[in-house]
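# Fold and contact review
Chain residues, written in single-letter form:
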Amino acid sequence: MPSRSAGGLRRLAPAAFVLVLVSALFLGARLPAASAGDRASMASRFAFTQLPIALPPGLPMQTVRQVNPQYEHIKSWISSVGAAVAVNDLDGAGKADDLCLVDTRTDRAVVTPAPGGAGRYAPFVLDPAPLPTSPTMAPMGCVPGDFNMDGWTDLIVYYWGRTPVLFLNAGAGGTLSATSFRATELIQQADSPDHVYRGALWNTNAVAVADFDGDGRPDVGVFNYFPDTQVLDPQGHPNVQMNHSMSNATNAGGAHVLRWTSATADSVVFTEQPAIDPAVATGWTLGSASVDLDGDLLPELYLANDFGRDRFFHNVSAPGRIRFALAEGKRGPLDPKSLVLGHDSFKSMSIDFADLRGTGRFDAFVSNITTSWGLEESNFFWRNTAADAASARDQLRRGVAPYDNSAAGRNIAWTGWGWDTKAADFDNNGLPEIVQAAGFVAGDTNRFAWLQELAAANDLLLANPAMWPNAEPGDDLAGDQPLAFWAKEDHVDRYVDLSGPLGLGDPTPSRGIAVADVDGDGSQDFAVARQWGAPQFFRNGHRADSDFLGLRLYRPVPSGATRPGPVGTPSYGAQVRITTADGKVQTAQLDGGGGHSGKRSFDLFFGLGGNGSAPVSAELSWRDLGGATHTQRLNLSTGWHSLILDSQAQEVASR
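Residues numbered from 1 in each chain as written. Predicted model: local features only at pLDDT ≥ 70, side-chain atom pairs only at ≥ 80, totals over all residues. Heavy atoms only, no water.

Looking at an unreviewed UniProt entry, one finds the protein chain named ASPIC/UnbV protein, with Actinoplanes teichomyceticus as its source organism.

Put into structure tokens, the structure is as follows:
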């Protein structure tokens, strides 16, 4: 008769087999790591100098926000977003060397010159007065754009506790100051004689700007995180809530798509459009981006949603009418559901489109929570599977998003608690690197065990803030993770994080990333917004010589502008495909503003990888102010070019 111990061993055999199988698969799936020598060799291609960013003196400082009483025990969680940075040309001098920052320590939106740029002015606060304000509103980000189409770059500042404010550029040029911008409402409000804000309580964490309907004007997508409640009001109503699911939450503030209608020197009118089916418009959106995949110059839209189900939309708009149709990835028999676009259960924070493989097509990188021994999900490397624009058009019309995920095979699936991400070519070799912000809440006591219990809790409990474990000052959740600097290995389709060898290992949680060649020397720099820490600027020391092509693309300023800018208005959505002398192709678009809380400049930048001795063949595609589409081929010398895109592309003198 078998012994009891033998019977117990037999009962344990299936579990033991599973453990052995999982361990074997894990070890087999691990990619070989780059050696220290290889990492050092790769790092030698880059050189960054960290520089401080000036802020106005004397602003009050804080270390955590005041919150609704229902959130008091998780106030550090509620205080975990809001650091932001954007870079652009605000003074009209011709270079993207002006920064718009949101520093959570001051809860102010600030304009300041980028280190190394030509700007020489004192940093100043963007004050929404005399518009109605509230002590319980806080800025979350800046979005540059020419919204009244006069050729001068304006700024949208978006908030928790208020609808966004549009700061119109006065068009004076020269030295910037607080008087250079005039606050006006993005969403019209009722009069408030006492200047106290009583309007809609939008809690915004993502804004996308693009010509969605193809009429040549900039439209705005505003995507709200928390529902319209008093999140930051210490005397607020107790009707606040959290996400009602960790994997498929749909009770957020929702999407607002605003179509450009008209403008004067002092105002812009937007009309809200029912552009997205409400059934798929209320995810907890932290990032957004747009890109045209099917060649009609109507940009598709991606919403990176926290707590599950990113959304990708095919643009089916016409001038005067914005509409998006849901498209999802196609799942194969071996594909995990969460690695298929539109079916994931992950915690997406940001999205950036770029030609990541040098195919002339737009791939995408999505930043997620991927903390080992915490919550380890996966970043997404969405590989564009469409052979060309016609193939993408056919799939999109059938509701299929032409993307599959290949992050793990490229060793770029796991970073930490990811946030904003930007792809840019920092060594001019023709392939972009990927910079990814990381880290959540810094403190002394690790609270991941509590978070793991929450993640395993019944979804019926989650919407009630009282059911969430404490996250207060002193608690730590992934609070010491440096940003990642992903570079592709030579001759291997695999990425390496070089943040350590490059001296980018500051463990202060980071949020927003902005990229531009601020001094026009042919090498791209970047700025980083830190959550509860000082922002940082990284000047690129790569010697450019003639190994780049830089393009500044404009439409003509419409007739009637009272203070027309020095060149033109950004040619939103314009795409450029270049072919170098060795036959390699790259593509880029004029991005009106995507990602989480970082916004790159409007400049298009191509590293030529040592192929800069001959003219570069460039195919430009754009819509003019009448909505008509155009395509033109040009041979361009290396360096910077400014082009006006009307019925023809015409070069103008670079400033």
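## Considerations on the sheet that holds strand S29 (residues 525–530)
As a reminder of what qualifies: Strands pair, by our definition, only if DSSP identifies at least two bridges between them. For helices the rule is a DSSP run of H or I covering at least 4 residues; for strands it is a run of E covering at least 2, with both sets numbered from the N terminus onward. Only C-alpha atoms enter the line fits that serve as axes; for helices the fit covers just the stretch in contact. Angles between N-to-C directions range over 0 to 180 degrees.
In spatial order, the strands read S1-S30-S29-S28; together these four strands make up an open sheet with antiparallel pairing. Looking at the sheet topology across the chains shown, the edges are occupied by strand S1 (48–52) and strand S28 (510–516). Strand-to-strand twist across the sheet, computed as the mean angle between neighbouring axes with direction ignored, equals 25°. Both S28 and S29 contribute to a ladder of six bridges, which runs antiparallel. Across the sheet, residue Gly512 finds its bridge partner in S29, namely Ala529.

## A look at helix H5 (residues 448–455)
Rules: When a residue's accessible area, from a 1.4 Å probe over protein chains only, is under 20% of the maximum for its type it is buried; when over 50% it is exposed; and in between it is partly exposed. This arc is taken over the directions from the axis of the helix to the C-beta atoms. In this description, contact between two residues means that some pair of their heavy atoms is separated by no more than 4.5 Å.
Taken as a whole, H5 has its buried residues at Phe448, Leu451 and Leu454. Down the axis, H5 shows its buried residues gathered within 115° of arc, on one side only. Residues of H5 that are buried in the fold lie against helix H3 (75–78), strand S24 (445–446), helix H6 (459–462) and strand S25 (475–476).

## As for the domain arrangement of the protein chain
Note the threshold: What fixes the domain bounds is an automatic or database domain assignment. When two parts are put together, the accessible area they lose, computed with a 1.4 Å probe and summed over both, is reported as buried area. A side-chain nitrogen of Lys or Arg and a carboxyl oxygen of Asp or Glu constitute a salt bridge if their distance falls within 4 Å.
With domains assigned, the protein chain is organised as domain 1 (46–540) and domain 2 (548–652). On a C-alpha basis, the centroid separation for the pair domain 1 and domain 2 is 24 Å. Contact with domain 1, which involves 75 residues of that partner, is made by 47 residues of domain 2. In this assembly, domain 1 packs against domain 2 so that about 4,400 Å² is buried in total across both faces, 49% of it on carbon and sulfur atoms. Summed over the three residues of domain 1 that lose the most area to domain 2, namely Met149, Leu297 and Phe362, the buried surface amounts to 13% of that side. Inspection of the region where domain 1 meets domain 2 yields two salt bridges.

## Examining the sheet that holds strand S37 (residues 616–623)
In a beta sheet, neighbouring strands are held together by backbone hydrogen bonds and run either parallel or antiparallel to one another. Strand order in the open sheet made by the four strands is S34-S33-S37-S38, with antiparallel pairing throughout. Lying at the two open borders of the sheet, with one neighbouring strand each, are strand S34 (585–589) and strand S38 (629–636). Put simply, the sheet's adjacent strands are angled 15° from each other on average, direction ignored. Of the pairings in the sheet, the one linking strand S33 (residues 575–579) to S34 comprises five bridges and is antiparallel in character. Across the sheet, Gln575 pairs through a bridge with Gln589, a residue of S34.

## Things to note about the state of the cysteines
Heads up, the rule is: Whenever a pair of cysteine sulfur atoms sits within 2.5 Å, that pair is classed as a disulfide.
A complete count under the given rule lists one disulfide for this structure. Linked covalently through their sulfurs, Cys100 and Cys142 form a disulfide whose S-S length is 2.0 Å. Taken together, the positions of Cys100 in strand S3 (residues 98–103) and Cys142 in strand S6 (residues 138–145) put the pair 42 residues apart, joining distant regions of the chain. Of the two residues examined, Cys100 and Cys142, each falls in the buried class.

## Looking at the pairing of strand S14 (residues 284–291)
Most of S14 is tucked away, with eight of its eight residues classed as buried. With seven bridges joining them, S14 and strand S15 (residues 300–306) adopt antiparallel strand pairing. Among the inter-strand pairings, Val291 is bridged to a residue of S15, identified as Glu300.

## Topic: the pairing of strand S31 (residues 548–555)
The buried fraction of S31 is high, at eight of eight residues. Where burial is concerned, the two faces of S31 agree: the one with Phe548, Gly550, Arg552 and Tyr554 and the one with Leu549, Leu551, Leu553 and Arg555 are both buried. One ladder, built from six bridges, connects S31 with strand S39 (residues 639–645); its direction is parallel. Within S39, the residue paired with Gly550 across the bridge is Trp640.

## As for the packing of aromatic side chains
For clarity, the threshold we go by: Note on aromatic pairs: the rings of Phe, Tyr and Trp (six-membered ring only in Trp) are paired at centre separations within 6.5 Å, and the planes decide the class, stacked below 30 degrees, edge-to-face beyond 60, tilted for the rest. Counted as over-ring charges are cases with an Arg CZ or a Lys NZ within 6 Å of the ring centre that also lie within 35 degrees of the ring normal.
Scanning the entire structure with this criterion turns up 34 aromatic pairs. Ring geometry for Tyr225 versus Trp284: centroids 4.9 Å apart, planes at 90°, classification edge-to-face. Of this pair, Tyr225 sits in the loop between strand S11 (219–224) and strand S12 (254–263) while Trp284 sits in strand S14, and the two are 59 residues apart along the sequence. No difference in accessibility class separates Tyr225 from Trp284, as the two residues are buried. Aromatic side chains Phe526 and Phe538 sit 4.9 Å apart centroid to centroid with 20° between the ring planes, which places their arrangement in the stacked category. Here the residue Phe526 occupies a position in strand S29, and Phe538 occupies one in strand S30 (residues 536–540), the gap between them amounting to twelve residues. With respect to burial, Phe526 and Phe538 carry one shared label: buried. Ring-pair connections join several aromatic residues into one group, and the members of that group are Phe46, Phe48, Phe426, Phe485, Phe526 and Phe538. If you follow Arg410 out to its NZ or CZ, it ends over the ring of Phe381, 4.4 Å from the centre. The ring of Trp450 carries the charged tip of Arg447 above its face, separated from the ring centre by 4.0 Å.

## Re unusual backbone geometry
Peptide bonds are trans in most cases, and residues, glycine excluded, mostly fall at negative phi. The step from Ala129 to Pro130 runs through a cis peptide bond, and the omega angle for that step is 15°. Looking at the element boundaries, Pro130 is found in the loop between strand S5 (124–125) and S6. In this model, Trp373 sits at a positive phi of 60°, which is unusual for a non-glycine residue. Structurally, the position occupied by Trp373 is in the loop between strand S19 (363–367) and strand S20 (380–384). Of note, Asn428 is a non-glycine position whose phi angle comes to about 60°, a positive value. For Asn428, the location among the structural elements is in the loop between strand S22 (418–424) and strand S23 (433–438).

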